[in-house]
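# Reading the structure
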Amino acid sequence: MTITYIPRVTQLDSVQLDVQIEDLFKELLFNAAKHLEPGILQPILPELELLLRTWIFKYSLYNKSCTFGQEMLSLKYNTTNLSKSKLYWYYGYTIGLRYIKDRALYSLTSNVRVQNICNKIERVQIIGEIFNFLRFIQTGKYPILIDFILGLELTADKLAREDLSDLSWTRELLWHNLIEFIGTVVSLINIFGLKRKLTNALKYVWWQKHERSTGKLGSPVMTINTVCAYCSNKPVLPHVMGCSHVFCYYCLMALQRKLYFLLEQLQDMARELPPKYQMRVPIELLSGLANCLLNDTIFEIVKGLMEIQHVTEKHLYQQRLQIINKHTMEIQEMLNNTLSSEQQEIQKNNLLKRHKEEMKQTDMKLVLQLDQKVSDQQDTLEKAGVPGFFVTNKPIEVKVQMYLLDFILRLSKMDIPQVS
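Quick summary incoming for the structure in this document.

Turning to the overall build of the protein chain, a few remarks are in order. If you tally the helices and strands in the protein chain, you get 15 helices and four strands. Within the span of the protein chain, comprising 420 residues, buried residues form 31% of the whole. Put simply, the protein chain shows about 27,800 Å² of open surface, and 61% of that area lies on carbon and sulfur atoms.

Attention now goes to the nonpolar core. By size, the foremost hydrophobic cluster in this structure holds 33 residues, and its most contacted members are Leu-262, Val-281, Leu-293, Val-386 and Leu-404. Contributions of two or more residues to this core are made by helix 10 (249-271), helix 12 (283-292), helix 13 (297-336) and helix 15 (395-412). Setting aside residues no more than four positions away along its own chain, Val-281 makes contact with Ala-270, Leu-273, Leu-286, Val-400 and Leu-404. In this structure, Tyr-77, Leu-87, Tyr-90 and Leu-150 belong to the second largest nonpolar core, which totals 18 residues.

Below, the discussion takes up the packing of helix 1 (residues 8-32) against helix 2 (residues 45-64). It is at 11 Å that the axes of helix 1 and helix 2 come closest, and there the two elements cross at 130 degrees. Relative to helix 2, helix 1 is oriented oblique. Considering how the two elements wind past one another, helix 1 and helix 2 form a crossing that is right-handed. Of helix 2, the residues touching helix 1 (which contributes Glu-22, Phe-25, Lys-26, Leu-29 and Phe-30) are Leu-45, Leu-48, Glu-49, Leu-52, Arg-53, Trp-55 and Ile-56.

As a further point, take the pattern of salt bridges. Enumeration according to the criterion identifies 17 salt bridges in this entry. The partner of Glu-49 in a salt bridge is Arg-53, and the shortest N-O contact between them spans 3.3 Å. Taken as a pair, Glu-49 and Arg-53 lie in helix 2 at a separation of four residues, close to a single helical turn. The residues Glu-49 and Arg-53 share a single accessibility class, namely buried. The closest approach of N and O atoms between Asp-268 and Arg-271, which form a salt bridge, is 2.5 Å. Of the two residues, Asp-268 and Arg-271 are both situated in helix 10; the distance of three residues between them amounts to about one turn of the helix. Overall, Arg-271 belongs to the exposed group, its relative accessible area being 55%. Taken together, the shared-partner salt bridges connect Glu-22, Lys-26, Glu-49, Arg-53, Arg-98 and Asp-102 into one network.

Cut-offs used in this document
Residues numbered from 1 in each chain as written. Predicted model: local features only at pLDDT ≥ 70, side-chain atom pairs only at ≥ 80, totals over all residues. Heavy atoms only, no water. Helix = DSSP H or I, 4+ residues; strand = E, 2+ residues; numbered from the N terminus. Buried < 20%, exposed > 50% of the residue type's maximum accessible area, 1.4 Å probe, protein only. Areas by Shrake-Rupley, 256 points an atom, 1.4 Å probe, with all protein chains shown as cover. Core = buried A, V, L, I, M, F, W, Y, C linked by side-chain atoms within 4.5 Å. Contact = heavy atoms within 4.5 Å. Axes fitted to C-alpha atoms, helices over the stretch in contact; angles between N-to-C directions. Parallel < 35°, antiparallel > 145°, perpendicular 65-115°, else oblique. Left-handed = near helix turned anticlockwise from the far one by under 90°. Salt bridge = Lys/Arg side-chain N within 4 Å of Asp/Glu carboxyl O.

Right, here's the structure in full:
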């Protein structure tokens, strides 16, 4: 039995699912290409997106008479009214126009006429989508404009959401709010502190006692070839720390003094942070960072990364200055031409519009290169074993990592007790 009435919320959900599926494919593509040299994919990005959307169209609407989002909700277009010519028109409107606009934005930035035509077409599309949505709310048919233009109606053999009573909506809202509440509470929990408390509580249980009585750690053995695990010299007043290594007493005391100094300074710096960032810098993270900074190599790595970043920023800044100087020379050359004041004003306005678009594209490319440099720094510090560093593009996590870098740079300028 074919169902002709489909709830509006189901139709809107299918549209949102299509958008999310496309974004998911894009994310997978960009993750696969993130290790390539910056700028390689940028010139052919519109073509890559065109191939991706064409692939989705071929294996969804063209082959199955329904999009992936509609298929997930058991919807499909009425095949009696879905001809190949309409499929081609659908493809041209939803995919072809987007490719033309993206390619014009990348390749014809300086052509003001082309940019104005693209902007007008996009404006007409947006206005049409708004009016179509208002009509859809009233009639419950054709959730997107191209469906209305081509007369493509949705049908279903069964509905994935047959029960849309008040009870089901209430249950869905309750679950959604519960999940949101749990996510908020979990983000406020100090996981490291909870782990430490559980470890302290569980060390008294019977299986821990059983393991302690049956398994013993290997005791360190002093031989004629034994050296200090830190200074690699003959141990002076040998001491052990519960493992199989032997240390000099003075090495242990100096390391302890250095560790306490680093941890105290890091705690003082963390107290200066805004409250929302203090929550993301727990004492466990600071302890791990202090322990990592016992090795002075980390300071050298961070300084090297900062120097590379400064050189990169200067280089990118010079590129931007070159574009600005080029624009200034073009305007000056135009003003030197023997033209009437009216013609000069028209040409000047056209140049300013083109320069604005060129500068926008240049800034976008510079930002992409800086983002890639940040990812490289995160990857380097993560491989060096510095706590708190991992590849991410979330603003709050990047901000925390910036604070940690500032801590390390400030410590590098202090007189830290050294292990002699």
